[in-house]
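Reading the structure
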Amino acid sequence: MVLVDVVEGVPQGKALDLLEAMPIEKRDVAIAGSNDYAATANSDIVVITAGIPRKPGMSRDDLLHTNYKIMSDVVQKVVAQSPESILIIVSNPLDAMAQAAFRQSGFNRERVIGMAGVLDSARFRSFIAAELNVSVENVTAFVLGGHGDTMVPLARYSAVAGIPITELISPDRLEQLVQRTRDGGAEIVKYLKTGSAYYAPSSAVTEMAEAILKDKKKILPCAAYLEGEYGISGYYIGVPCKLGAAGLEQIIEIKLTPEEDAVLKKSAAAVKELCAVIGV
């Protein structure tokens, strides 16, 4: 595994710290840090987190122009070194940055995937588990749509040990949990002041990468480029995806109510607006 950063010493130091943890973790992984993309040559998966972090009061949309320039530069360097790689995009605004990476890379849609739904669903699952005082292992949840204020947590498809949460949580309280999920990133930024979420996003990326590297055919909510699915074409939006050795192997279309479909279309419109600003 190779860590890359523009700041001299940062990837080298973090890589060494991680490497020294491997005997305790019992993992035979070689980890190196570099400021040169040549060290990443022939990567199978490249996770792109590059960009400035959110600050208090800053929306994901505020990051758009700066992070678009950074994303364009990083993708060009990554593709030059690893033309057969699969890209997992984490940078914000997530859906627009995934779209930018897709356009810049020239890869097919199967090889450029955005990390959003896994994180958003994990947040929703955490809040549900805490509300009902049950194990997070019992909770399943789906969050669709753009990674931001217009995301679509689907309570109807969320359950505790197979029991729909609509049977366990009142509508008013459920709406509060849905809103907290939408505000999940901003809530953390408010506490940190000078950074954004790290641990949950990295866990989400790990689950996605493992599904691809181990060809698990695992269905996870991810940002994918739609070509007519859910009546949406030409943009990245969060949907259930099957991940395997080829990357995005299938988009699962679930039946939505007219209300859910309308909210998803509204989320897609917000993504379209961002993409228009940066011309992707």
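Residues numbered from 1 in each chain as written. Predicted model: local features only at pLDDT ≥ 70, side-chain atom pairs only at ≥ 80, totals over all residues. Heavy atoms only, no water.

**Here's the deal with the pairing of strand β4 (residues 86–89)**
Side-chain alternation along β4 places Ile-86 and Ile-88 on one buried face and Leu-87 and Ile-89 on a second face that is also buried. Pairing geometry for strand β3 (residues 45–48) and β4, over four bridges, is parallel. The partner of Ile-45 across the bridge, within β4, is Ile-86. Pairing of β4 with strand β5 (residues 112–114) involves three bridges; the strand directions are parallel. Residue Ile-89 lies in a different strand from β5, and its bridge partner there is Gly-114. Where the polypeptide runs from β4 across helix α4 (residues 94–105) and back to β5, its parallel neighbour, the crossover connection is right-handed. (Buried < 20%, exposed > 50% of the residue type's maximum accessible area, 1.4 Å probe, protein only. Helix = DSSP H or I, 4+ residues; strand = E, 2+ residues; numbered from the N terminus. Pairing = 2+ DSSP bridges. Right-handed = clockwise from strand over helix to strand, strands pointing away.)

**Overview of the pattern of salt bridges**
For the structure on display, the rule yields 15 salt bridges. Residue Arg-156 pairs with Glu-260 through a salt bridge whose shortest N-O separation is 2.7 Å. Note that Arg-156 is positioned in strand β7 (residues 152–160) and Glu-260 in helix α9 (residues 258–278), a separation of 104 residues in sequence. Overall, the relative accessible area of 41% leaves Arg-156 in the partly exposed class. Classification of Glu-260 as buried rests on a relative accessible area of 13%. (Salt bridge = Lys/Arg side-chain N within 4 Å of Asp/Glu carboxyl O.)

**Structural notes on α9**
Taking 1.5 Å per residue, 21 residues should reach 30 Å; α9 reaches 31 Å between its end C-alpha atoms and fits that length. Along α9, the residues classified as buried are Glu-260, Leu-264, Ser-267, Ala-268, Val-271, Leu-274, Cys-275 and Ile-278. In an axial view of α9, the angular spread of the buried residues amounts to 115°, which keeps them on one side of the axis. Away from its buried face by more than 90 degrees, α9 exposes Pro-258, Glu-259, Lys-266, Glu-273 and Ala-276. Taken together, the buried residues of α9 touch α3 (64–81), α4, β6 (139–144), β7 and β10 (233–244). (Expected span 1.5 Å × (residues − 1). Arc of directions from axis to C-beta. Contact = heavy atoms within 4.5 Å.)

**Some details on the packing of α3 against α9**
Running from amino to carboxyl end, α3 crosses α9 at an angle of 65°, the nearest separation of the two axes being 10 Å. As the angle between them shows, α3 and α9 are arranged roughly perpendicular. Judged by the twist between their axes, the crossing of α3 over α9 is right-handed. Of the residues in α9, those in contact with Leu-64, His-65 and Tyr-68 of α3 are Leu-274, Val-277 and Ile-278. (Axes fitted to C-alpha atoms, helices over the stretch in contact; angles between N-to-C directions. Parallel < 35°, antiparallel > 145°, perpendicular 65-115°, else oblique. Left-handed = near helix turned anticlockwise from the far one by under 90°.)

**Comments concerning the sheet that holds β7**
The sheet built from three strands is open, its strands ordered β6-β7-β8 with antiparallel pairing. The open sheet has two free edges, formed respectively by β6 and β8 (163–164), since each of these has just one partner strand. Bridge count between β7 and β8: two bridges; the pairing is antiparallel. Bridge assignment links Val-160 to a residue of β8, and that residue is Ile-163. Packing of helix α5 (residues 117–132) onto the sheet brings it into contact with β6 and β7, and relative to β6 it is tilted by some 135°.

**Quick notes on the nonpolar core**
Counting residues in hydrophobic clusters, the biggest one holds 65 residues, and the most contacted among them are Ile-89, Met-208 and Leu-243. Two domains each provide a minimum of three residues to this core, namely domain 1 (2–113) and domain 2 (117–278). In contact with Met-208, not counting residues within four places along its chain, are Ile-88, Ile-113, Gly-114, Met-115, Val-118, Leu-220, Cys-222 and Leu-243. Counting 15 residues, the second-largest nonpolar core is a separate cluster that includes Ala-129, Val-139, Val-143 and Ile-169. (Core = buried A, V, L, I, M, F, W, Y, C linked by side-chain atoms within 4.5 Å. Domains from an automatic or database assignment.)

**Here's the deal with the packing of aromatic side chains**
Working definition: an aromatic ring pair is given by the centre-to-centre distance plus the angle between the planes. Applying the stated criterion across every chain, the model contains three aromatic pairs. Residues Phe-102 and Tyr-236 carry aromatic rings whose centres are separated by 5.8 Å and whose planes lie at 70° to one another, so their mutual orientation is edge-to-face. Separated by 134 residues along the polypeptide, Phe-102 in helix α4 and Tyr-236 in strand β10 bring together distant segments of the chain. Residues Phe-102 and Tyr-236 agree in their burial class; the two are buried. Aromatic pair Tyr-225 and Tyr-236: ring centres 5.7 Å apart, planes at 55°, arrangement tilted. Placement of the pair is Tyr-225 in strand β9 (residues 218–227) and Tyr-236 in strand β10, with a sequence separation of 11 residues. Comparing Tyr-225 with Tyr-236 shows no difference in burial state: the two are buried. Ring pairing ties together the aromatic residues Phe-102, Tyr-225 and Tyr-236, which thus form one cluster. (Phe/Tyr/Trp six-rings, centres within 6.5 Å; stacked < 30°, edge-to-face > 60°.)

**Observations concerning the UniProt feature "binding site: substrate" (unreviewed entry) in the chain**
In this structure's numbering, the residues bearing the UniProt feature "binding site: substrate" (unreviewed entry) are Arg-54, Arg-60, Asn-92 and Arg-123. Structurally, Arg-123 is set in helix α5. Its relative accessible area of 10% is what places Arg-123 among the buried residues. (UniProt positions renumbered as here; feature names shortened; annotations may be inferred.)

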